[in-house]
Amino acid sequence: MDTNTSVALAVEDLTVSFDGFKAVDGLNFYVEKDELRVVIGPNGAGKTTLLDLICGKTKATSGSIKFMNKELTKLAEHNIVRAGVGRKFQTPSIYENLTVFENLEVSFPRGRGVLGCLGFRRTPDVIQRVEEVAEQIFLKDLLHSEAGLLSHGQKQWLEIGMLLIQDPELLMLDEPVAGMSVKEREQTAELLKRICKGRSVIVIEHDMEFVQRIAHRVTVLHQGKILAEGRMEKVQSDPKVVEVYLGH
Ligand code: ADP
Ligand code: MG
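Read on for an overview of the structure. (Residues numbered from 1 in each chain as written. Chains lettered and ligands numbered in written order. Predicted model: local features only at pLDDT ≥ 70, side-chain atom pairs only at ≥ 80, totals over all residues. Heavy atoms only, no water.)

Side note on the site of ligand 1
As a matter of local geometry, ligand 1 sits amid Phe18, Phe21, Ala23, Pro42, Asn43, Gly44, Ala45, Gly46, Lys47, Thr48 and Thr49. Measuring from an oxygen atom of ligand 1, one finds a backbone N or O atom of Ala45 at 3.1 Å. Within the side chain of Thr49, a nitrogen or oxygen atom sits 2.5 Å from an oxygen atom of ligand 1. For ligand 1, whose free accessible area comes to 560 Å², the fraction covered by protein is 57%. Elements supplying a minimum of two residues to the shell around ligand 1: strand S2 (21-32) and helix H1 (47-55). With 3 residues, the single largest contributor to the shell around ligand 1 is H1. Of the residues belonging to the shell around ligand 1, the class tally is 5 nonpolar, 5 polar and 1 charged. (Near = heavy atom within 4 Å. Polar contact = N/O pair within 3.5 Å; in protein donor to acceptor, adjacent residues only side chain to side chain. Areas by Shrake-Rupley, 256 points an atom, 1.4 Å probe, with all protein chains shown as cover. Helix = DSSP H or I, 4+ residues; strand = E, 2+ residues; numbered from the N terminus. Nonpolar A, V, L, I, M, F, W, Y, C, P; charged D, E, K, R; others polar.)

Next up, the structure:
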């Protein structure tokens, strides 16, 4: 794009081809700092593939992905994490046998400062940070419960917490409220609205009521391309969007 300094993520002319099938096709996509963007679109539109490309799980065929002016397409996955990108997959990947506290503790970033090379220490700053994050994700009272005993929704929150504790500057969540109760969805909406301050958040979601509640702007993907983009009201009333997605 241009010199707009609030753009944190700039995806340009991005294409990935799987045996000639373009799952993402010449995509241009920009997300600002402090923005919560929701990506919607029919199954197979390329939403998950877009996140795979940004986090380096899938390599682009062509195009560029710049985050805070750093080109990500050339980086290995762990270096993309280091560049401040955190990504949550559809199914929670937590350690079921560890407590909530321990799950957050093992996710605390290592290698910062002198203690990094000495292995892990349960220092006061680690404990404080774990408690802070546990409170944000509504699990403060369950800190010492085994993660395997949490509800499905609470497991999703724990995984969000495991990313938050690393303080990523770009956080990407793939269908975070799938399988959650109505109450848990409401709480998740509040959580996401809070955590997009000071970073960029990209959420893929199908639940339109939830999307309405959280999105600053919505991008509609269809066949690897952008079909529509903008505020929810505008996108929802776009005849093209109604035809390929909302009409069903
Ligand atoms: P969405 O998340 O929007 O439902 P996906 O990004 O998962 O869609 O998939 C987009 C399309 O790309 C689908 O047709 C899917 O089958 C295809 N696809 C995704 N990943 C691969 C892969 N690794 N190899 C081949 N095809 C893939
Ligand atoms: Mg998907």
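Quick look at H1
Among the 9 residues in H1, 8 count as buried, and that is most of the element. Count one or two residues on from H1 and you reach Gly56, which has phi positive near 85 degrees. (Buried < 20%, exposed > 50% of the residue type's maximum accessible area, 1.4 Å probe, protein only.)

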